[in-house]
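# Structural overview for review
Below are the chains, spelled out letter by letter.
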Amino acid sequence: MKKLSSLLLINLFLISSLFAQQNVEPKHFQQQIDCKTCHKCDVPTKDDPCLIACPRVKMLKTYPSPESSPSVLIIKKLEDRYNPVVFSHRIHAQMSELSGGCETCHHYNTLGPILSCNECHSIKRLRDDVRNPDLKGAYHQQCITCHRQWNHKADCISCHELKKNGNKINIQQKIAEIGNKLHPKVKEPTKIVFETNYNKGKLVTFYHNDHTKIFGLDCVSCHKNDNCIFCHDKKDEINYKTLIYDKPIKLNLAESERHKMCSDCHKTSDCNLCHKEDIAKPFNHGISTCWALNNFHKQLTCIKCHKKNKFIKLNNQCISCHKDWTEGKFNHKITGLILDENHTDLDCSDCHINMEFIKKPTCDNCHDEKSFPKDKPGKLIKKVKP
Amino acid sequence: MDRRNFLKAAAIACTAAIPAKDLKANEKFKIDEDRVGVLVDTTICIGCRNCEWACKKAHNLSTEPLEKYSNREVFENKRRPNNKALTVVNQFYNPKNSQLPIDVKVQCMHCDEPACVSACIVHAITKHKEGPVTWDSTMCIGCRYCMVACPFQIPAFEYDKALQPKIMKCDFCIDRQKEGKLPACVEICPTETLTFGKRKDLIEIARDRIKRKPNRYSNHILGEHEVGGTSWLYLAGQDFSKLDFPKLVSDPAPGVTESIQHGIFAYFIPPIALYALLGGIMWINKNKSGEE
Ligand code: SF4
Ligand code: SF4
Ligand code: SF4
């Protein structure tokens, strides 16, 4: 047996490297799917991978948009005591964008048409090969793990209507009811203050809007594994839904989990960077880095300058980013001031001492009684703010 | 001689004095390589208790309608299988996610080397080579040796019946299996928490699940080795002792032993010597009446 499995492993490795050359998932044998999902035989080889025929062009993943996905699915393969389940697919697809994407349910996500569940999950419970759960098991594992977290129930009638005295549900009416439902737009909080157990700084202030607007993060950058209960918990009436983030809140997460949310971008080794006694002010480039952003720079997202998400100190000479702003080439017009004839041929440093363009320029090098901005070395075409 | 040793000696004396089942006689019994079992994955179970209902239905025990089983309040107390319910589901706090409590179905484990069988002095309990351990009411004399011997506290006694009380426990739905059906609980379970199959396949599957999701499972298949192996196997996300499973060694439980340390043991040992004696007399009488 050991020999067989090691042989299997070697083969899988070979195939995986084959896939790797095609620039596909390099470790496909480590995926959480059973080898038998794709390979018919026990020992697939490079020459004979004995692949099961399914719509697999490459081992790539496909992400249809929720809007293009079916709005409602009728689950009735296993109809017995209960009426068919009318499953609001689209709203679930939409919500899944914040909680793991299509693969949350379509965990075997190929390029091409979505496989239906019963391709791998047998509709029979009594069967020889019990490695995959049967269809009934697979459906329920998929649905109830989430649903029971937020409604704290595991009853059947939440989803199934009981077939009593031959009553049939009106499927068309159901579809009309839930077919076009979409999740209401999520209102974004400005800031959230977290109350922590850390003695030397109880409060951590998180500016949500800064992260999305200034730092340019997508919702899914952080909310990729959220569950409905992150916002809705039916047991707890005072839940996140009604919480207006005006009071410090406590996170019900293990310490490592809490820090993981920030540590992808922030250093979490220095506690007092985030933990303060009071509510912290929003991020200010001038205060934090001693280099205040002027009007032009304020409009940029961080990664425009801090490439590769590295928030380290940059050289603040103009030329370090604006490569073509060299002496003689720089067009002074873009500052809003067109230099007149007398001034065009001067060196930059004649007015901007030490090439420090942030500071007020001087006229003293040539003129005795002139000063900027009262006197101007040319024509102002728009108002220049220092 | 302290109390424990005295009891042990008494128990040995009793078992020697009456026609107890000789463990060695078991040697001829060959257990089936392909015997069946059930893998209970407690990380999947949702505590819907449909299995409890189905079990009662299949055994003609009185039950409320299935819809009543969604009541979660029953989980406030820990329950044991008894004569009214051959299987029960208990709920435990999940330290990994407080919103997802751990639900654990309990029933007879159908041990490969069952202590209850060894303990039964009249051979009323049988280990079938296909896996199940069943109990025959026509032979039982009500001595309750099996209750004391079982390392999982499974056999239960009908306390409310004065006349001919029965011992009850899960019979692995042997009658249904003979008809080619699944055990009732396995058939109804919505999530397939209960996987029915050959025991050796189930062990492979369990190992595979642990390997694929090492964070989800603790690296232990309960019943693979415990008390010599059991037909029902368990997977869990944490230590089994936190889910009220007894700590067990891999040696088969040798009938009545001092290593069984649950409440019933302490409570029942004194009457046991007496029961054994009475049991012997009843057994003889029973055989006599059979001859008449
Ligand atoms: S669990 Fe107890 S009752 Fe069931 S077979 Fe094992 S010893 Fe017997
Ligand atoms: S196997 Fe049968 S008797 Fe045992 S718990 Fe399941 S339904 Fe009840
Ligand atoms: S039927 Fe299945 S999921 Fe429900 S309580 Fe029983 S074992 Fe758990």
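Source: prediction; values computed, not measured. (Residues numbered from 1 in each chain as written. Chains lettered and ligands numbered in written order. Predicted model: local features only at pLDDT ≥ 70, side-chain atom pairs only at ≥ 80, totals over all residues. Heavy atoms only, no water.)

### Notes on the packing of aromatic side chains
All names here are of chain B. Quick note on the threshold: When the centres of two rings from Phe, Tyr and Trp lie within 6.5 Å, Trp using its six-membered ring, the rings pair. Their planes under 30 degrees apart give stacked, over 60 give edge-to-face, and anything left gives tilted. Numbered from the N terminus, helices here are DSSP runs of H or I no shorter than four residues, and strands are runs of E no shorter than two. When a residue's accessible area, from a 1.4 Å probe over protein chains only, is under 20% of the maximum for its type it is buried; when over 50% it is exposed; and in between it is partly exposed.
Enumeration according to the criterion identifies five aromatic pairs over all chains in this entry. Where Phe172 meets Phe196, the ring centres are 6.1 Å apart and the plane angle is 80°; that geometry is what we call edge-to-face. Taken together, the positions of Phe172 in the loop between β7 (167–168) and α5 (174–178) and Phe196 in strand β8 (residues 194–198) put the pair 24 residues apart, joining distant regions of the chain. In this pair, the class of Phe172 matches that of Phe196, namely buried.

### Regarding the interface of chain A and chain B
Here is the rule: Note on definitions: a residue-residue contact is assigned when non-hydrogen atoms from the two residues lie within 4.5 Å. Summed over both partners, the accessible area lost on bringing two parts together, with a 1.4 Å probe, is the buried area. The term salt bridge refers to a side-chain nitrogen of Lys or Arg lying within 4 Å of a carboxyl oxygen of Asp or Glu. Polar here means any residue other than Ala, Val, Leu, Ile, Met, Phe, Trp, Tyr, Cys and Pro, which are nonpolar, and Asp, Glu, Lys and Arg, which are charged; Gly is therefore polar.
Each side of the interface is counted separately: chain A has 31 residues, and chain B has 33 residues. The junction of chain A with chain B conceals about 2,500 Å² of combined surface from both sides, 52% of it contributed by carbon and sulfur atoms. Of all residues in chain A, the largest losses of buried area upon contact with chain B belong to Arg125(A), Val130(A) and Arg148(A), amounting jointly to 26% of the total for that side. Our enumeration of links across chain A and chain B arrives at three salt bridges. Of the residues belonging to the side of chain A that touches chain B, the class tally is 11 nonpolar, 10 polar and 10 charged.

### Some details on the confidence of the model for chain B
The predicted coordinates of low-pLDDT regions are not to be read in fine detail. Residue and element names in this part refer to chain B. Applied cut-off: Looking at any residue, its pLDDT shows the predictor's confidence there, from 0 to 100.
On average, residues of chain B score 81 in pLDDT, and 74% of them are at 70 or above. Residue range residues 1–26 is modelled with pLDDT below 50. Its contacts to residues more than four positions away, or to other chains, number 25 contacts. Counting contacts from residues 255–271, a segment whose pLDDT is below 50, to residues more than four positions away or on other chains yields 28 contacts. Complex prediction metrics read pTM 0.70 and ipTM 0.76.

### Points about the site of ligand 1
The line we're drawing: Nearness of a residue to a molecule or strand requires only that one of the residue's heavy atoms be within 4 Å of it.
In the vicinity of ligand 1, 14 residues are found, and the nearest of them are Cys108(B), Met109(B), Cys111(B), Cys116(B) and Cys150(B). Along the lines of polarity and charge, the residues of the shell around ligand 1 split into 12 nonpolar, one polar and one charged.

### Overview of the pattern of salt bridges
One pass over the structure, following the stated rule, counts 23 salt bridges over all chains. As a salt-bridge pair, Arg127(A) and Glu192(B) come within 2.9 Å of each other at their nearest N and O atoms. Remark: Glu192(B) occurs in the loop between α6 (184–188) and β8 and Arg127(A) occurs in the loop between α2 (89–96) and α3 (135–151); the pair is interchain, linking two chains. Accessibility assignment for this pair places Arg127(A) and Glu192(B) in one class, buried. Note that Arg49(B) is salt-bridged to Glu52(B), the shortest N-O span being 3.2 Å. Across the pair, exposure class does not vary: Arg49(B) and Glu52(B) are buried alike. One network of salt bridges, with partners in common, ties together Arg125(A), Arg127(A), Asp134(A) and Glu192(B).

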